[in-house]
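One letter stands for each residue in the lines below.
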Amino acid sequence: MAYTLEIPSEYGYVVLGCGVLPMMMNMYMGGKVMNARKEYNVPYPNCYATPGYHKKADEFNRVQRGHMNYSENLLGYTVMSFVGGFKHPIIIAVGGVLYSFGSLLYLTGYSDTSIDVTNARYKKGGAIKWIGFFASFYSSVSMAGTIIGWW
């Protein structure tokens, strides 16, 4: 059985919200890591600061982890978004905005050393990224089910 795919006219919002915006956000968050490298004196090629060697290792590592969390999940998120966006383009586009800005809030909270590290990621609103993530997850499953013929 073949499945014919039509690209909805709203799909351009998916490209902007889940392709262009995440790339811009990744560059912005990477800039925060670059600034932290200078501020905390963590030169390349060190991906992370070494406690006991770098004076402000925890401070730098929290910024780096906030950005790395985004980078680690971005590929899977983008693929799910581009697939699910064929069936639910507006939901996915809005989810892309929530995912990107929620990830920035995640980094902002994680970087704040006045907050305990175990909860810092979500204290400044970082949890909204999961709304965007799960919108893409469920929409990609919905699209897969449609192609397979489950519904």
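It should be noted that the structure appears before, not after, this text.
Thresholds applied
- Residues numbered from 1 in each chain as written.
- Predicted model: local features only at pLDDT ≥ 70, side-chain atom pairs only at ≥ 80, totals over all residues.
- Heavy atoms only, no water.
- Helix = DSSP H or I, 4+ residues; strand = E, 2+ residues; numbered from the N terminus.
- Buried < 20%, exposed > 50% of the residue type's maximum accessible area, 1.4 Å probe, protein only.
- Contact = heavy atoms within 4.5 Å.
- Areas by Shrake-Rupley, 256 points an atom, 1.4 Å probe, with all protein chains shown as cover.
- Lys, Arg positive; Asp, Glu negative; His and termini not counted.
- Charge placed at Lys NZ, Arg CZ, Asp CG, Glu CD.
- 1 Å grid on protein atoms, 1.4 Å probe; cavity = no way out; pocket = protein on both sides within 12 Å on 5 of 7 lines; lining within 4 Å.
- Points joined across faces, edges and corners; volume = space filled by probe spheres on them.
- Nonpolar A, V, L, I, M, F, W, Y, C, P; charged D, E, K, R; others polar.
- Core = buried A, V, L, I, M, F, W, Y, C linked by side-chain atoms within 4.5 Å.
- Phe/Tyr/Trp six-rings, centres within 6.5 Å; stacked < 30°, edge-to-face > 60°.
- Polar contact = N/O pair within 3.5 Å; in protein donor to acceptor, adjacent residues only side chain to side chain.

*Asks:* Could you give an account of the overall build of the chain, with specific residues and numbers?
*Replies:* The helix and strand inventory of the chain stands at five helices and zero strands. The secondary structure elements of the chain, listed N-terminal to C-terminal, are α-α-α-α-α. Across its three principal axes, the chain shows a C-alpha extent of roughly 60 × 30 × 25 Å. For the chain, the proportion of its 151 residues judged to be buried stands at 42%. A separation of at least 24 residues holds for 68% of the contacts in the chain among residues at least 6 apart in sequence. As presented, the chain carries roughly 8,500 Å² of accessible surface, and 65% of it is formed by carbon and sulfur atoms. The average position of the 12 basic charges and that of the 8 acidic charges among the side chains of the chain differ by 5 Å.

*Asks:* Tell me about unusual backbone geometry, residues and numbers included.
*Replies:* The peptide bond linking Tyr44 to Pro45 adopts the cis configuration, its omega dihedral lying at 10°. Tracing the chain through its elements places Pro45 in the loop between helix 1 (11-40) and helix 2 (57-84).

*Asks:* So what about the layout of surface pockets? Which residues, and what values?
*Replies:* Roughly 180 Å³ of internal volume is contained in the largest pocket. Lys32, Asn35, Ala36, Glu39, Tyr40, Glu59, Val63, Leu107, Thr108, Ser111 and Thr113 together form the lining of the largest pocket. Of all the secondary-structure elements, those providing two or more residues to the lining of the largest pocket are helix 1, helix 2 and helix 3 (89-111). In terms of residue class, the lining of the largest pocket is built from four nonpolar, four polar and three charged.

*Asks:* Before we move on, can you summarise the environment of Met34 with the specific residues and values?
*Replies:* Take Met34: it is sitting in helix 1. Between the C-alpha atoms of Met34 and Ser139, which are 105 residues apart in sequence, the distance is 35 Å.

*Asks:* Can you explain the nonpolar core? Please cite residues and give values.
*Replies:* In summary, soluble globular proteins display a tendency toward joint burial of nonpolar side chains. Counting residues in each nonpolar core, the largest one holds 14 residues, and the members touching the most others are Met29, Tyr70 and Tyr99. Of all the elements, helix 1 adds the most residues to this core, at five residues. When neighbours within four sequence positions are excluded, Tyr70 is seen to be in contact with Pro22, Met25, Asn26, Met29, Tyr99, Ser100 and Ser103. Counting eight residues, the second largest nonpolar core, distinct from the first, contains Val33, Tyr40, Ala49 and Ala57.

*Asks:* Describe the packing of aromatic side chains, with residues and values.
*Replies:* Considering all chains together, one arrives at 13 aromatic pairs under this definition. Pairing Tyr11 with Phe86 gives two aromatic rings, centres 4.6 Å apart and planes at 5°, and the pair type is stacked. A residue pair is termed long-range when its members are at least 10 positions apart, and Tyr11 in helix 1 and Phe86 in the loop between helix 2 and helix 3 qualify at 75 residues. According to the relative accessible area criterion, Phe86 is partly exposed, its value standing at 24%. Between Phe137 and Tyr138, the aromatic rings sit 5.3 Å apart at their centres with planes inclined by 80°, giving edge-to-face as the arrangement.

*Asks:* Please provide a residue-by-residue account of the environment of Leu107, values included.
*Replies:* You can see Leu107 is positioned in helix 3. Each C-alpha atom, one on Leu107 and one on Asn119, is 12 Å from the other, the two residues being twelve residues apart in sequence.

*Asks:* Talk me through the side chain of Gln64; I want residue IDs and the actual numbers.
*Replies:* Assignment of secondary structure puts Gln64 in helix 2. Exposure remark for Gln64: the relative accessible area of 4% places this residue in the buried category. Polar contacts involving the side chain of Gln64 include one to the main-chain carbonyl oxygen of Cys47, which spans 2.7 Å. Setting aside residues up to four positions removed in sequence, Gln64 forms contacts with Val33, Arg37, Cys47 and Tyr48.

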